Amino acid sequence: MIENDLLALFIRRAPAVCPTVRVFRRNIIRRKVVIEGREVMLVNGIPGQGDAEAIVRGGRHIEIETKAAKGRMRDRQEAWRAWCVSWGVPHLVLRARAGEEPSATVERWCKELRGIL
């Protein structure tokens, strides 16, 4: 199962395991598009930001980066993580494990999220 599929399962499962938390997918977009015949740059988000964000009831924010079993953090992602840490924003990197069943991955990720609440 690919990283995006695991993230979708995690987003659906997290509220049941952590009732005071909601996880939202973050889409980073940087693409040239044509709108009404004009080419424009469509930009959304900051390169390196996490794949998702968790918001805890009361306003606490947690950055979440997901990685496939063989995935690695890119330089921009490491820079974003460092910025979060310097500002006291929890940053969680959730990694799949080779050969792990998707349901086991999601349950482990939920446990890791609960661990920083």
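Residues numbered from 1 in each chain as written. Predicted model: local features only at pLDDT ≥ 70, side-chain atom pairs only at ≥ 80, totals over all residues. Heavy atoms only, no water.

A. Layout of the nonpolar core. Counting 20 residues, the largest nonpolar core has F10, V21, V23, A54, I62, I64 and L113 as its most contacted members. Elements with a minimum of two residues in this core: α1 (3–17), β1 (21–25), β4 (52–56), β5 (61–67), β6 (91–95) and α3 (102–115). In terms of residues, this core owes the most to one element, α1, which gives five residues. Residues contacting V21, with those up to four places away along its chain left out, are P15, A54, I55, V56, L113 and L117. (Core = buried A, V, L, I, M, F, W, Y, C linked by side-chain atoms within 4.5 Å. Buried < 20%, exposed > 50% of the residue type's maximum accessible area, 1.4 Å probe, protein only. Helix = DSSP H or I, 4+ residues; strand = E, 2+ residues; numbered from the N terminus. Contact = heavy atoms within 4.5 Å.)

B. Spotlight on the packing of α1 against α3. Two numbers describe how α1 lies on α3: the axes approach to 9 Å, and their chain directions differ by 50 degrees. Classed by the angle they form, the pair α1 and α3 counts as oblique. Like other packed secondary-structure pairs, α1 and α3 cross with a definite hand, here right-handed. Of α3, the residues touching α1 (which contributes L6, L7, L9, F10, R13, A14 and V17) are P102, T105, V106, E107, W109, C110, L113 and R114. In terms of residue class, the contact of α1 with α3 is built from 11 nonpolar, one polar and three charged. (Axes fitted to C-alpha atoms, helices over the stretch in contact; angles between N-to-C directions. Parallel < 35°, antiparallel > 145°, perpendicular 65-115°, else oblique. Left-handed = near helix turned anticlockwise from the far one by under 90°. Nonpolar A, V, L, I, M, F, W, Y, C, P; charged D, E, K, R; others polar.)

C. Structural context of unusual backbone geometry. The phi dihedral of E36 is positive, around 50 degrees, even though this residue is not glycine. Structurally, E36 can be placed in the loop between β2 (29–35) and β3 (38–44). Classification of E36 as exposed rests on a relative accessible area of 81%.

D. Highlighting the environment of V89. Along the chain, V89 turns up in the loop between α2 (75–86) and β6. Remark: the alpha-carbon pair of V89 and D75, spanning 14 residues in sequence, is separated by 19 Å. Setting aside anything within four residues of it in sequence, one finds V89 in contact with H61, E63 and C84.

E. Fine view of the sheet that holds β4. With respect to topology, four strands assemble into an open sheet ordered β1-β4-β5-β6, the strand pairing being mixed. Here the strands that pair on one side only, and so sit at the sheet edges, are β1 and β6. In this sheet, adjacent strand axes meet at a mean angle of 25 degrees when their direction is disregarded. Alignment of β1 against β4, held across five bridges, turns out to be antiparallel. Looking at the pairing, R25 lines up with A52 of β4. Of the strands in this sheet, β1, β4, β5 and β6 touch α1, which is tilted by about 155 degrees from β1. (Pairing = 2+ DSSP bridges.)

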